[in-house]
Every structure is written in C-alpha cells, then in structure tokens.
Amino acid sequence: MTFALIATGGTIACTTVRDGSLVPTVSGQQLAASLGADDGTHDIEVVEFRALDSSSITLADLDELLLCVREQLARPDIDGVLITHGTDSLEETALALSLFDLGDGPIVLTGAQRAFDHPAGDGPRNLRDAYELLRSGKPGVWVQFGGKTIPGRGARKWHTSQLNGFEELPVGDSAVPLLPLAPMAGNPVEIIAAYPGAGATLVDASLPHTRGLVIEAMGSGNMGAEMGAGVARALQADIPVVISTRTPYGNTKLAYGGAGGGATLGEMGAVAAGGFRAGQARIMLAAALATGTPVAEMFSRAPASTTYTAG
C-alpha cells in the first residue's frame, strides 16, 4: 500500500527557536520518517505543500490543497492521503475536503497541540494513529486527534491546548451530493460577530468586498436591531447571509421576531447554519457560491451523524 503525506506545516512541524517562539521547521519527509516503516509492506510519498501556521491558510491555499489531494487520489498507485495540518484551521480544511468530489480513498488529517521538539509531544501519537486509520481503508474524510476519529464534517477545535482538543458537532449528513471541484478563492466570505447592541458598521463596510456573510449571532440566531438592519440591507443587495451562533452547542433555529431576530431575517432570505459553527459555515457558503449550489440546500437538516472513537 502506498499513501501520500501532504505536509502543510502547523504545530506538528514546529520547533522552538531562540526567542522561544514556535516556527514550522520540520519537513514532511522528517514527519514520514518518524513513523518508522517497519514491515516493508507500505510506503509513503511526501508532498511538501506548505510550511506555515494554519491561521494563515487562504481560500486560494485551500483550492490548491484540494487540487493536490485530487491529483494524488487519481493516481492508481496511491491508496489514500494523510495531511499534517495546524490545528487553528484544521476544521475548515477538513470540511472543504468533505464537500468536494476528490476521488476514491480515505483522507485523514492530523496535527498536534505541542511542538515537534516538546519532550512530551502529542504529534507522534497522532501521526501514528492517523497512519493506522489510513491503512485501515476507512472511506471518508477524518480528523484523527487525541485518540479520537472524528468526521471532517462537523469537526471543531474545542480547547486551545488540551491534547484531545477536537470534537464532533452533530451537524447531520449532507443532503447535497459531493460537489464538482471549483475554486473558492473568488468567493470571499466574511464572518462578523454579533454582541449585545452591535451596530451595522462592519456589515455595511463588508458589502463591497464580499460575496457572502456569516453572522456569528447570539443564542439561537439573534442580533440587535441595528445590526439586523445591516443584514437586511445585505440581503436586499443579494449578498447571501448564513446565521450561526456563538453558543458552543445546539442548532441555530431562527425562531425570534423583531428587527434583529432570526425569524425576521430568515423571512428575508437568511439561512440558518444548523449545527455548524461560523468557521465551517464560511467554507460551506464559499463552496456553494463557487459551484452555484443553492445556499439553503447546503445547510438543509439531516439526521445526526455518529461519533467514531479509535479503539
């Protein structure tokens, strides 16, 4: 069996430099070597894709990564893809990989909360677990982290530093077939957070520069009247708006009336993000815009998905 390891940087590839900061200095070849090929029945081909902090990954970077994965899976000698990735935006990349038709074969993402040179680093275990999951041939897109196997759709980083820092949100299976690969970079989507009494300044300022908006609302999908008026103006300007929530758990329902209430904005065309939080909702909206898929269909409700835990 032969797998592609696509290295993108992140903490798993970081070491501590003189000033005490973490910098991605470890290559994909070094990460692959750390797995220690043992029985001669497998091989890893390394693609040195990027060496950066994942908070810097743009939609253009994601487009290139998706194309790279598709090219690898199109090869008859490649049985799956392992991606080493920073944790800051791992959930966005995992969702993007799960939305598009990239070919057959498992795709597994992993990373680390501690640097490569940390004396008690978690990267080696995560990398080994991810590699074993890849060898199992389990189809789909997965995040392997802290002993858990989490579907890429609905994955979320829930803690800044704990070693089991990822969880699955119950977002349901997609009612939309896998999308044809299309570039998202030409469809920028902004995320704007609501807070008590928030105005419309940021919403109005974004309109000339964005193709879509995700509002990280309060509660089940609410915001103040002034911000709600700005969202109404965006909808009237044919800017699609998806409303998520800053609340850690539960679905966005758009149930309340009033100028900033979710129900009022829903009647004007805003779409509830359901179980998705703002980061993944942004990727879904960008993918919908890139492929001409109706936004509401992307976020349609479906039965709850299942949590998978490594045995």
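Residues numbered from 1 in each chain as written. Predicted model: local features only at pLDDT ≥ 70, side-chain atom pairs only at ≥ 80, totals over all residues. Heavy atoms only, no water.

Per an unreviewed UniProt entry, the chain goes by asparaginase and derives from Corynebacterium aurimucosum. The UniProt entry for the chain carries this comment under Sequence similarities (unreviewed entry): "Belongs to the asparaginase 1 family." (UniProt positions renumbered as here; feature names shortened; annotations may be inferred.)

Draft legend 1. Spatial organisation of the packing of helix H3 (residues 90–99) against helix H8 (residues 278–291). Their axes nearest at 9 Å, the elements H3 and H8 cross at an angle of 35°. Of the two elements, H3 crosses H8, and the hand of that crossing is right-handed. Counted together, Glu91, Glu92, Leu95, Ala96 and Leu99 of H3 and Gly279, Gln280, Ile283, Met284 and Ala287 of H8 form the full contact between these two elements. Among the residues making up the contact of H3 with H8, the classes are represented as 6 nonpolar, 2 polar and 2 charged. (Axes fitted to C-alpha atoms, helices over the stretch in contact; angles between N-to-C directions. Helix = DSSP H or I, 4+ residues; strand = E, 2+ residues; numbered from the N terminus. Left-handed = near helix turned anticlockwise from the far one by under 90°. Contact = heavy atoms within 4.5 Å. Nonpolar A, V, L, I, M, F, W, Y, C, P; charged D, E, K, R; others polar.)

Draft legend 2. Spatial organisation of the domain arrangement of the chain. According to the domain assignment, the chain contains domain 1 (1–166) and domain 2 (187–297). Centre-to-centre, using C-alpha coordinates, domain 1 lies 31 Å away from domain 2. Opposite the 13 residues of domain 1 that make contact, domain 2 presents 14 residues. Note on domain 1 versus domain 2: buried area summed over both sides is about 1,100 Å², and carbon and sulfur give 68% of it. There are 5 residue pairs in polar contact (both at pLDDT 80 or more) connecting domain 1 and domain 2. (Domains from an automatic or database assignment. Buried area = accessible area lost by both parts, 1.4 Å probe. Polar contact = N/O pair within 3.5 Å; in protein donor to acceptor, adjacent residues only side chain to side chain.)

Draft legend 3. Quick look at the pattern of salt bridges. If you walk through the whole model with that rule in mind, you get 9 salt bridges. The residue Asp77 makes a salt bridge to Arg75 at a minimum N-O spacing of 2.7 Å. Arg75 gets classed as partly exposed once you look at its relative accessible area, which sits at 25%. A salt bridge links Lys157 to Asp88; its shortest N-O distance comes to 3.8 Å. With Lys157 in strand E9 (residues 155–157) and Asp88 in the loop between strand E5 (81–84) and H3, this pair connects stretches of sequence that are 69 residues apart. (Salt bridge = Lys/Arg side-chain N within 4 Å of Asp/Glu carboxyl O. Buried < 20%, exposed > 50% of the residue type's maximum accessible area, 1.4 Å probe, protein only.)

Draft legend 4. Inspection of the layout of surface pockets at higher detail. Estimates place the volume of the second largest pocket at around 210 Å³. Taken together, 16 residues line the second largest pocket, and the ones lying closest to its centre are Gly10, Thr11, Asp53, Thr87 and Asp88. Split into classes, the residues belonging to the lining of the second largest pocket amount to 5 nonpolar, 8 polar and 3 charged. (1 Å grid on protein atoms, 1.4 Å probe; cavity = no way out; pocket = protein on both sides within 12 Å on 5 of 7 lines; lining within 4 Å. Points joined across faces, edges and corners; volume = space filled by probe spheres on them.)

Draft legend 5. Geometry of the sheet that holds strand E14 (residues 271–272). Spatial ordering of the open sheet is given by E11-E12-E13-E14, a layout of 4 strands whose pairing is parallel. Bordering the open sheet on either side are strand E11 (189–193) and E14, each of which pairs with just one other strand. Judged from the 2 bridges that link them, strand E13 (residues 241–245) and E14 form a sheet pairing that is parallel. In the sheet register, Ile243 faces E14, and the bridge partner there is Ala272. Contacts from H8 reach E11, strand E12 (212–217) and E13, with the element oriented near 160° to E12. (Pairing = 2+ DSSP bridges.)

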